[in-house]
Structure formats: structure tokens, C-alpha cells
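Chain by chain, the residues:
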Amino acid sequence: MKIFNDAAKLQKWCLGRKRSGAKIALVPTMGYLHEGHLSLIAAAKKTKADEIVVSVFVNPVQFGPNEDFDKYPRDAKADIAKCRKAGATAIFMPEPSAMYAPDHSVFVNEERLSAGLCGARRPGHFRGVCTVVAKLFNIVQPDTAVFGQKDYQQAQVIKRMARDLNFPVEIKVAPIVREKSGLALSSRNTYLSEAEKESALAISRSIASVEPGRRAAKERQRISKALEKAGLKVDYVEFVDGATLENVKTTAAGVCVLVAAFAGRTRLIDNRVL
Ligand code: AMP
């Protein structure tokens, strides 16, 4: 497995591989890899790509000023070992200075799907995500890029960016990997105390309990109450159309229920498509 820290070197290598006819799949991550990330590498392998490039980059541009950029968990050595074992052929681990020139001044903004949900609560977040993913697409020039449904809104925003900016890449979205308890795997779960982890189970439980054909407003209330009762602070509970991310009135099939809630100071997100 090749290890790159330099964007220009990775770009040159990818171009060379493409000229030789190789297909490339990209798995963008922020590292501290868990089984959820590894499932994306497995999905990338299924595309029969010749090269599987995993990027590990805690992207400063997608964090707000009071968010956890500095304390976000990092473990480069473990990530390298996990990628190698999972069958990645290259890993890209740049420093922020290798991605952003001091006078970097171009950003990518998706203006519709990013407006609500996490976009409304984390101003600038999707601008940071779109910018870094666009850069990764230009560096790696992948045939396929794999994202997780765990970040449902992000996957929709990236699909829209790829379509609207004509990136020649197929976006694949892989299902959410959960602990046996139901808790969706996340690098941020490492912040949770045992008690907070127990409270956090209310998130997956409550979204699993939603049935089709109910009034969304009532279900929202019910879920919010259940989350609060478990000791969580609700950031949002929303029922949206899975494609447009616009709010819906009933919990029909194809509707996505999305939750963001704080367990202590840790913000957790989860979702389910009905
Ligand atoms: P992150 O490192 O948290 O930015 O996530 C990198 C990619 O892994 C994103 O596409 C996430 O949606 C995906 N991902 C994170 N957690 C999970 C999970 N539990 N199951 C599936 N994919 C995940």
C-alpha cells in the first residue's frame, strides 16, 4: 500500500494509473477508522477498481470555530494498518498545509440541500465538505467514490455537487454500520462515557420505532420526548423527502427520518430511510 502526504505526488500517481487503464475508487474519511469506514473500503472493492485510495484528513474548513477540530481523535498508525488489512492500495494523509495554501480563496457551495438539517446548525460545514471533496476528486480523479449513509445529508449534497459540477465520478452510498446495541459507529463515539453511550441508544431505538403512515409532526414530538427522557439534548428531529430533503407531512415509504442530538457535549447523528 502506498502512503502519500503530498497532493501533487498522489495526483501524478493517479494520472499515471489512469493512463495505464486502471480504475480508481476513492473513500474519503477523517480517519480514526472503524468498521463503518472499512465497509466503505469493502464497497469500493466490489466496484472492481484496480486502485482503492483512502483519504484520511481532518478537514479544518468543515469545522465551526467552537467545534471539535483540535480534539478530533487521530491515530495515523492504526489507520494505515487498518487500510492495508482492508485491501486499500493507497492512503492519502495530508497535513492541512498540504491541502490549503495560506491564501486559498476558492470554495464550493451547494445552495439547496445544505440549507437545512446539519447545514442550518453548522454554518459553513457543507461548504467545507464540498470544497475538500471537490479537491479530492481533482487530485485522485476517481471513477467511483464511496460515502456512508450515516451522513445522509452529506451524501445527497455530494451527489448534487458531482452532478452540477460535472465531476466524472459515480457516487456510491453504503449502509450504516451499527454496534450490536444499535448505536451507529462514529469516530466521535470515543468521546462518550458509558452513561452517555447508554443514553445514545435512544437515538437508534427511536428512529427504528417509526412506522409508515403516521403524522410526521406527531412522530417528531414522540421521538424528541424519548430522546430527552434518555438524557439527550435534541438538536433536530426531521422527516424529509429522501431526495429533496424537504420536510414531509407523513411518514411514507422513501421518507428519511434524521436525528441530531447531544449526549453531554458530543453531537451524534443518525438516520433511517423508511
Ligand atoms: P468520517 O470519517 O466520519 O468523516 O466518515 C467518513 C465516511 O465514512 C463518510 O462517508 C461517512 O458517512 C462514513 N461513515 C461514518 N460512519 C459510518 C457508519 N457507521 N457506517 C457507514 N459509513 C460510515
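Here the structure is shown first, and the text comes after it.
A brief structural summary. Along each chain, residue indices are assigned from 1 in the same order as the chain's sequence is written. For this predicted model, a pLDDT threshold of at least 70 governs which residues receive local features, and a threshold of 80 or more governs which side-chain atom pairs are given and counted, while totals over whole chains, interfaces and linings are taken from all residues. Side-chain numbers come from the whole structure's heavy atoms, not from hydrogens or water.

## Describing the site of the ligand
Then comes step 1: A cutoff of 4 Å decides nearness: a residue is near a molecule or strand if any of its heavy atoms lies inside that distance of it. Surveying the vicinity of the ligand reveals 17 residues, the closest of which are H37, G148, D151, V177 and L185.
Then comes step 2: By the criterion applied in these results, polar contacts are pairs of N or O atoms within 3.5 Å in which, for protein atoms, one can donate a hydrogen and the other can accept it, and in which residues neighboring in sequence qualify only through two side-chain atoms. A distance of 2.8 Å separates an oxygen atom of the ligand from a polar atom in the side chain of H37.
Then comes step 3: In this structure, L185 approaches the ligand through a main-chain N or O atom, which is 2.9 Å from a nitrogen atom.
Then comes step 4: Using a 1.4 Å probe, accessible areas were evaluated by the Shrake-Rupley method; residue-level cover was limited to the displayed protein chains. Relative to its free-state accessible area of 480 Å², the ligand is covered by the protein chains to the extent of 92%.
Then comes step 5: Broken down by secondary-structure element, the contributors of at least two residues to the shell around the ligand are β2 (24–29), α2 (35–46) and β5 (144–148).
Then comes step 6: At three residues, α2 tops the list of elements feeding residues into the shell around the ligand. Each helix corresponds to a stretch of at least 4 residues labelled H or I by DSSP, and each strand to a stretch of at least 2 residues labelled E; elements are numbered beginning at the N terminus.

## Section: the nonpolar core
Proteins that are soluble and globular tend to have nonpolar side chains buried together.
Then comes step 1: Among buried residues, those of type Ala, Val, Leu, Ile, Met, Phe, Trp, Tyr and Cys that are joined through side-chain atoms within 4.5 Å constitute a nonpolar core. Summary of the burial criterion: residues with accessible area below 20% of their type's maximum are buried, those above 50% are exposed, and those between are partly exposed, where the area comes from a 1.4 Å probe applied to protein chains only. If you look at the biggest cluster of nonpolar residues, it comprises 44 residues, and the most contacted ones within it are L10 and F137.
Then comes step 2: The biggest single contributor to this core is helix α6 (residues 125–140), with ten residues.
Then comes step 3: Two residues form a contact once any of their heavy atoms are found within 4.5 Å. When neighbours within four sequence positions are excluded, L10 is seen to be in contact with F4, V53, F92, I139 and V140.
Then comes step 4: Core analysis: the second largest hydrophobic core is formed by 21 residues, L192, I207, V237 and F239 among them.

## Remarks on the environment of E211
Then comes step 1: Inspection of the secondary structure puts E211 in the loop between α8 (194–208) and α9 (216–229).
Then comes step 2: A C-alpha to C-alpha distance of 7.0 Å links E211 and T251, two positions 40 residues apart in sequence.
Then comes step 3: Apart from the residues within four sequence positions on either side, E211 is in contact with E219 and T251.
Then comes step 4: A distance of 2.9 Å separates a polar atom in the side chain of E211 from a polar atom in the side chain of R214.

## Some words on the pairing of strand β6 (residues 170–174)
Regular strands have side chains that alternate between both faces of the sheet.
Then comes step 1: Here the rule is simple: two strands pair whenever DSSP picks up at least two bridges between them. With five bridges connecting them, β5 and β6 associate as parallel partners. Across the sheet, F147 pairs through a bridge with V173, a residue of β6.

## Overview of the environment of R214
Then comes step 1: Tracing the sequence through the fold places R214 in the loop between α8 and α9.
Then comes step 2: With 35 residues separating them along the chain, R214 and K249 place their C-alpha atoms 8.6 Å apart.
Then comes step 3: Discounting residues that sit within four places of it in the chain, R214 has contacts with S209, E219, K249, T250 and T251.

## With respect to the environment of M99
Then comes step 1: Looking at the element boundaries, M99 is found in helix α4 (residues 96–99).
Then comes step 2: In this structure M99 comes out as buried when scored by relative accessible area, which is 4%.
Then comes step 3: The spacing of M99 and P28 is 71 residues in sequence and 14 Å in space, taken between C-alpha atoms.
Then comes step 4: Apart from residues no more than four positions distant in its own chain, M99 is found in contact with F57, F92, P94, H104, V132, K135, L136 and I139.

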